[in-house]
Amino acid sequence: MSGTDYSYDEQGTFFPYFILTITSLVTIPVTYSLLKPSKELENTASRIKTDFTPEHARLIDGQRKKQKRRERRLKRAVVSVGGWLTIAGMIYLIIVTASTIPQIWDPYDVLGVSRSASEKEIKKHYRKLSLSLHPDKAREDPSKNITTDTINDHWVDVVKAFKTLTDEDVRNNYLKYGHPDGKQGFSIGIALPKWIVTEGAGKYVLLVYALALGVILPYTVGKWWYGTQRVTKEKILVASSGKLFREYDNDQGESGVVGALSCGEEFTEVLTGLKADTGLPKLENTVLSSGPGSHVLNALSKKDRQKFDELDESRRRKVLMLLWAYLGRIELDDETLNDEKYEVAPVAAKLNEAYISIALAYGNTKAVLSAYHTSQNLIQALRPGASPLEQLPFFTPAVALAAEAEHSRTHLSIQEFMQIPASERKARVVAPDLLSEVQYTKALTVATQLPVLHVEKAFFKVVGERFVTPSSLVQFVLKSRFIPPGASAIPAINPSDLLDIDPEEGDVAAISGRKADRSDEKPIQPPLAYAPYYARDHAPRWHVFLADSKQGKVAVPPFTFSTFDKPILKEDGQPTFNVQTLKMQFGAPPQPGSYTFVMHMICDSYIGMDTKMEVTLVVEDSSKAEDVDEDDEISEPDEDTIAGQMRTLKSGAAPKSSKTKKRRSQDDDSSDGSDTEGDVSSESETDTDTDSDEE
């Protein structure tokens, strides 16, 4: 009678294989995620070379390490190491444990006869074995582990083997089922030690199953699901997004945006429990003091100060004061408060990304610019309205004021400061109460490495067309170069670099404006933002959008550029001055006419390096493009060709010569109003009237 027999791995032969398989399924993916090269821009860019150490550098580095721990790299490292140790232990057990290989029952092997033996030879050999192996003849031998049971079992096997080879019915059972006794029970081996399922251990096994399936699994899945549902695509809490939406105001300046960011729920994790109230009175007195060095009060508007006075929540009041202490680079004389000051800034920068999305949804140009400028302020740890020169090491407000000299009402950008003659520039800031020679040199070293993107040419075009027609897919092309402040021996631009050659026919990716797939290559990007007070690494990004100055609205939403198509720096760190091509696509207006936009190119990492430029899009009537197509496609044969002579015989009118046609073509090209440069068949661009105003 057949049945099912469950056998357990009492000797531990297969248990290591089971543990090895399960551990490998967890350890290998975790190790891969831990060791694989990161594709984040912050992990692939170089750094600006400097030996400047900011105040509280230890606290800032501590915040960077704290963020890495939050990213769970440490947990993954522990899991990976523990997993590989377990795998090594299991492999060792597999090697040292003698494996039991089940033998296939073979009657010839049991009797010890060859497969070619005749039935007579088999019977003769069986009688010979009976003289020594029969239980009545065999003797026990404890030294060889031969007992009565082993003698009986062996003799039973011999009899079965003999009957298998001599009895027809028994032989049929063997051939059909693999055993002389007929169909056998089905045996299942379980790779678990037997003690796990023995009496007394069952309740613990059930407890483990209950915890795994009833607690751990639901908790893990629920936590993952709740985590995905409680954050937005900007990776901020949904609750924070709702609060930012309510705080949004079209007329808010940079200081107002800072106040709005303080409502984020993420700050609850920073200021947990009693931290929300600890040190708040001292913090408010220090930040809002009206002394001669109080630059924060000058940055706060009357409306912002009134909003702060109306706040009742202590946590938000403290967050707002910590943010202003950070932006004003105010020494708080308390290590805990200083540490919290550097911790809230990256959180606010993350919330600002969501605020930018809200501002773009409303489309108000002023609000969008305020949000982008707040990003610059947070990364550079500078209050709104601060001098861009304070981004340089050792440049305090006093040093910046001395450097600006005659610019009492407006601030100098770093580019403008570096254009001042070297002797005059040095005389302004190197003084006993300002900078030393060494500090001045270190500041200039940083200034000459900053990535300033200069726009050389801007124009609109439609791929494959001479003119922009209504509702066509327009490309706005920017030809730019990275020129660090104070750069000398800047090479002239090759005119061909300012052209935008149309892609080959069939190149769908290029025609649609999609970049080539360079996922396997290291991205071409500028160095990480020089932001010594910001407790994160940040890769600079440039946001380009078109605005309608009359309505104060964003006409074309921003396109963000963080990587480029040509090398920015040489191997020795010197600039290449390569012309970079930036493109953004949008639909042309549905009506012909001239449309003037204001192009804004904002760098999210540096203050005073934005570009503002007027550009004009000329949309021609569709009929003009059709006329041009007809002139290009329909041509008459020249009179000096056979086809031309045949046409003359038929019509009696001689066609114009090729010279006459060329002259007419040149006249048409000169009078069609298009400033298209280069070969029309391969390069199509509609130039714009541009007035550049780099801020």
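Structural data are supplied above this passage.
Read on for a plain summary of the structure. Worth saying up front: this structure is predicted, and the values here are computed from it rather than measured.

What counts as what
Residues numbered from 1 in each chain as written. Predicted model: local features only at pLDDT ≥ 70, side-chain atom pairs only at ≥ 80, totals over all residues. Heavy atoms only, no water. Core = buried A, V, L, I, M, F, W, Y, C linked by side-chain atoms within 4.5 Å. Buried < 20%, exposed > 50% of the residue type's maximum accessible area, 1.4 Å probe, protein only. Helix = DSSP H or I, 4+ residues; strand = E, 2+ residues; numbered from the N terminus. Contact = heavy atoms within 4.5 Å. Salt bridge = Lys/Arg side-chain N within 4 Å of Asp/Glu carboxyl O. Axes fitted to C-alpha atoms, helices over the stretch in contact; angles between N-to-C directions. Parallel < 35°, antiparallel > 145°, perpendicular 65-115°, else oblique. Nonpolar A, V, L, I, M, F, W, Y, C, P; charged D, E, K, R; others polar. Patch = residues over 30% accessible without salt bridge, like charges linked within 9 Å, V, L, I, M, F, W, Y side chains within 5 Å. Areas by Shrake-Rupley, 256 points an atom, 1.4 Å probe, with all protein chains shown as cover. Lys, Arg positive; Asp, Glu negative; His and termini not counted. Charge placed at Lys NZ, Arg CZ, Asp CG, Glu CD. Phe/Tyr/Trp six-rings, centres within 6.5 Å; stacked < 30°, edge-to-face > 60°. Lys NZ or Arg CZ within 6 Å of the ring centre and 35° of its normal. Left-handed = near helix turned anticlockwise from the far one by under 90°. Polar contact = N/O pair within 3.5 Å; in protein donor to acceptor, adjacent residues only side chain to side chain.

1. Digging into the nonpolar core
Stage number 1. Of all hydrophobic cores here, the largest spans 116 residues; its most connected members are Val287, Trp324, Phe395, Phe476 and Met599.
Stage number 2. Among the elements that line this core, the one with the most residues is helix H17 (residues 335–362), at 13 residues.
Stage number 3. For tryptophan 324, the residues in contact, after removing those within four places along its chain, are Ser255, Val258, Val287, Val296, Ala299, Leu300, Ile330, Arg383 and Pro384.
Stage number 4. Judged by nonpolar contacts, the second largest core, of 13 residues, contains Trp105, Val113, Ile122 and Leu165.

2. Some remarks on the pattern of salt bridges
Oppositely charged side chains can form a pair if their charged atoms are brought close together.
Stage number 1. In total, this model carries 22 salt bridges according to the counting rule given.
Stage number 2. We note a salt bridge from aspartate 537 to arginine 64, for which the minimum N-O separation is 4.0 Å. Here aspartate 537, found in the loop between helix H23 (508–511) and strand E5 (542–548), pairs with arginine 64, found in helix H3 (residues 57–70); they are 473 residues apart in sequence, far enough to count as distant.
Stage number 3. For arginine 64, a relative accessible area of 23% gives the class partly exposed.
Stage number 4. Where arginine 383 meets glutamate 390, a salt bridge forms, and the shortest distance between an N and an O atom there is 3.0 Å.
Stage number 5. On the accessibility criterion, glutamate 390 (3% relative accessible area) is buried.
Stage number 6. Salt bridges sharing partners connect three or more residues here, namely Arg47, Asp61, Arg64 and Asp537.

3. Here we look at the packing of helix H11 (residues 254–261) against H17
Stage number 1. Where H11 contacts H17, the two axes come as close as 10 Å, and the packing angle between them is 105°. Classified by the angle between their axes, H11 and H17 sit roughly perpendicular to one another. Here H11 contributes Val257, Ala260 and Leu261 to the contact with H17, which in turn contributes Ala348, Leu351, Asn352 and Tyr355.
Stage number 2. Residues that form the contact of H11 with H17 fall into these classes: 6 nonpolar, 1 polar and no charged.

4. Topic: a positive patch on the surface
Stage number 1. Residues Lys120, Lys124, Arg127 and Lys128 make up a contiguous surface patch of positive charge.
Stage number 2. Along the chain, lysine 124 turns up in helix H6 (residues 119–133).

5. What to know about the packing of aromatic side chains
Stage number 1. One pass over the structure, following the stated rule, counts 14 aromatic pairs.
Stage number 2. Their ring planes at 35° and their centres at 4.8 Å tell us that phenylalanine 460 and phenylalanine 476 sit as a pair that is tilted. Separated by 16 residues along the polypeptide, phenylalanine 460 in strand E3 (residues 453–461) and phenylalanine 476 in strand E4 (residues 473–482) bring together distant segments of the chain. An identical accessibility class is assigned to phenylalanine 460 and phenylalanine 476; each is buried.
Stage number 3. With a centroid separation of 5.0 Å and 90° between ring planes, the pair formed by phenylalanine 482 and phenylalanine 564 is classed as edge-to-face. Linking phenylalanine 482 in strand E4 with phenylalanine 564 in the loop between strand E6 (553–561) and strand E7 (579–587), this pair joins segments that are 82 residues apart in sequence. The burial state of phenylalanine 482 is the same as that of phenylalanine 564; both residues are buried.
Stage number 4. Each residue in the set Phe245, Tyr248, Tyr355 and Tyr362 is aromatic and connected to the rest through ring pairs, giving one cluster.
Stage number 5. Directly above the aromatic system of phenylalanine 308 lies the positively charged group of arginine 317, at a separation of 4.3 Å from the ring centroid.

6. Focus: a negative patch on the surface
Stage number 1. Judged by side-chain charge, Glu140, Asp149, Asp153 and Asp157 come together as a negatively charged surface patch.
Stage number 2. Assignment of secondary structure puts aspartate 153 in helix H7 (residues 148–166).
Stage number 3. The exposure class assigned to aspartate 153 is exposed, which follows from its relative accessible area of 52%.

7. Structural notes on unusual backbone geometry
Stage number 1. One non-glycine residue, histidine 56, lies in the positive phi region at around 65°.
Stage number 2. Residue classification places histidine 56 among the partly exposed residues on the basis of a relative accessible area of 21%.
Stage number 3. Backbone geometry at aspartate 333 places phi at a positive 55°, although glycine is not the residue there.
Stage number 4. Judged by its relative accessible area of 61%, aspartate 333 falls in the exposed class.

8. What about the side chain of serine 375?
Stage number 1. Tracing the sequence through the fold places serine 375 in helix H18 (residues 365–380).
Stage number 2. If sequence neighbours within four positions are ignored, serine 375 has contacts with Asn352 and Asp604.

9. A look at the packing of H6 against H7
Stage number 1. Across the interface, H6 lies against H7 with an axial gap of 11 Å and an inter-helix angle of 165°. With respect to their mutual orientation, H6 and H7 come out roughly antiparallel. Of the two elements, H6 crosses H7, and the hand of that crossing is left-handed. On H7, the residues that touch Glu119, Ile122, Lys123, Tyr126, Leu129, Ser130 and Leu133 of H6 are Ile151, His154, Trp155, Val158, Val159, Phe162, Leu165 and Thr166.
Stage number 2. Class assignment for the residues of the contact of H6 with H7 results in 10 nonpolar, 3 polar and 2 charged.

10. Comments concerning the environment of isoleucine 28
Stage number 1. Note on placement: isoleucine 28 falls in helix H1 (residues 15–35).
Stage number 2. When its relative accessible area of 46% is taken as the criterion, isoleucine 28 is described as partly exposed.
Stage number 3. Through-space distance from the C-alpha of isoleucine 28 to that of glycine 83 is 8.5 Å; in sequence the pair is 55 residues apart.

11. Details of the side chain of glutamine 391
Stage number 1. Along the chain, the position of glutamine 391 falls in the loop between H18 and helix H19 (397–404).
Stage number 2. Engagement of the side chain of glutamine 391 in a polar contact is seen with the backbone oxygen of proline 388, the distance being 2.9 Å.
Stage number 3. A polar side-chain atom of glutamine 391 sits 2.7 Å from the main-chain amide nitrogen of isoleucine 607.
Stage number 4. With sequence-adjacent residues up to four places away left out, glutamine 391 is seen in contact with Gln380, Leu382, Ile414, Tyr530, Ser605, Tyr606 and Ile607.

In short, the description is geometric, and any link to function would need to be established separately.
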